[in-house]
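Results of the structural survey
As a plain string of letters, each chain reads:
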Amino acid sequence: MPLNKPQQPGRTGVAVIVVAAGSGQRLGHGIPKARVLCGGLTLLEHSLRAVVASKVAEHVVVVLPAHDDVLPDVVARVAADGPGTPRILTVTGGATRTSSVSAGLRALPDSIGTVLVHDAARALTPPGVFARVAAAVSTDAGAVIPVLPVADTIKMIEGDLVTRTPDRAALRAVQTPQGFDAVALIDAHASTAAGGPAITDDAMLMEALGIPVHVVDGDPLAFKVTTPLDLVIAEAVLARAGAPIGSPATD
């Protein structure tokens, strides 16, 4: 049964937390992943421009690696774009994704009622996905995630043995941005026990508290740039589009 969002007097704003504190080891460039260039722009700049183009947020918090001296300039460049650009600020991330999101949450003003959490590595996510998730949260859903059907057959294994083959019709690949009632997400992060199971996305925290997580359609372009092959694919997409995703030329 759907759980309606709690009443939050004065909390009407929308914010986006962009998590860009990853090391990027699997990408193999020797620099934080958000700094890697794709089509002439950093992955972080692609992500931020999609957030701005979506027009859903009045506040954006970018979570950066500690001691990075390049990404703050990337954020400042986007923040200086002019009218229509939301307020963008930066904070330092933690050792885990969950701690980085928590740092972003602490930077939000009390006026925020809806929070979207987005991975900078999903750099080509179209602005429409942000709008779709934000709209779903606004209709009393406390947690919303964008998903895609799974094309591959998935096997569950123990050691080198297959234990089960789940029905892929019921499986979905999860993307970001994920949208949440701000108070519910803050409470979920506050209740996270140290040493608990690995948390791979914020929806897991909501599930653990018994808060229903709703789904909306994701987008194939919202894939995560994790490996060198992913970066090749992203470069090819941008070359075909002829402009960054979310720019007027690709809207």
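Notes on the structure in this doc start here. Everything quoted here is computed from the prediction, not taken from an experiment. (Residues numbered from 1 in each chain as written. Predicted model: local features only at pLDDT ≥ 70, side-chain atom pairs only at ≥ 80, totals over all residues. Heavy atoms only, no water.)

1. Comments concerning the nonpolar core
Counting residues in each nonpolar core, the largest one holds 31 residues, and the members touching the most others are V16, V18, L44, L48, V60, V62 and L116. Those elements that place two or more of their residues in this core are β1 (13-19), α1 (43-54), β4 (59-64), α2 (71-79) and α4 (127-138). Sort the elements by how many residues they give to this core and α4 lands first, with six residues. Leaving out residues up to four positions away in the same chain, L48 has contacts with V18, V60, V62, V75 and V78. The next biggest cluster of nonpolar side chains, apart from the first, holds 23 residues, and it includes I17, V91, L105 and A188. (Core = buried A, V, L, I, M, F, W, Y, C linked by side-chain atoms within 4.5 Å. Buried < 20%, exposed > 50% of the residue type's maximum accessible area, 1.4 Å probe, protein only. Helix = DSSP H or I, 4+ residues; strand = E, 2+ residues; numbered from the N terminus. Contact = heavy atoms within 4.5 Å.)

2. Side note on the packing of α1 against α2
Between α1 and α2, whose axes approach to 10 Å, the crossing angle comes to 30 degrees. Between α1 and α2, the angle falls in the class roughly parallel. For the pair α1 and α2, the crossing hand works out as right-handed. Across the interface between the two elements, L44, E45, L48, R49 and V52 of α1 pack against L71, V74, V75, R77 and V78 of α2. Classifying every residue of the contact of α1 with α2 by side-chain character gives seven nonpolar, no polar and three charged. (Axes fitted to C-alpha atoms, helices over the stretch in contact; angles between N-to-C directions. Parallel < 35°, antiparallel > 145°, perpendicular 65-115°, else oblique. Left-handed = near helix turned anticlockwise from the far one by under 90°. Nonpolar A, V, L, I, M, F, W, Y, C, P; charged D, E, K, R; others polar.)

3. Regarding the layout of surface pockets
Volume-wise, the largest pocket comes out at about 760 Å³. Lining the largest pocket are 32 residues, with R26, R97, D119, T200 and K224 positioned closest to its centre. Within the residue set of the lining of the largest pocket, elements represented by two or more residues are α3 (97-106) and α6 (202-208). Among the elements that make up the lining of the largest pocket, the one with the highest residue count is α6 (three residues). (1 Å grid on protein atoms, 1.4 Å probe; cavity = no way out; pocket = protein on both sides within 12 Å on 5 of 7 lines; lining within 4 Å. Points joined across faces, edges and corners; volume = space filled by probe spheres on them.)

4. Some remarks on the pattern of salt bridges
In the structure shown here, the tally under the stated rule is six salt bridges. Residue R35 pairs with D68 through a salt bridge whose shortest N-O separation is 3.0 Å. Taken together, the residues R35 in the loop between β1 and β2 (37-38) and D68 in the loop between β4 and α2 connect sequence positions 33 residues apart. Given a relative accessible area of 22%, R35 falls into the partly exposed group. The class of D68 is buried, set by a relative accessible area of 13%. The partner of R49 in a salt bridge is D81, and the shortest N-O contact between them spans 2.4 Å. Of the two residues, R49 sits in helix α1 while D81 sits in the loop between α2 and β5 (87-92), which places them 32 residues apart along the sequence. For D81, a relative accessible area of 42% gives the class partly exposed. (Salt bridge = Lys/Arg side-chain N within 4 Å of Asp/Glu carboxyl O.)

Read these as layout, nothing more, since geometry by itself doesn't imply function.
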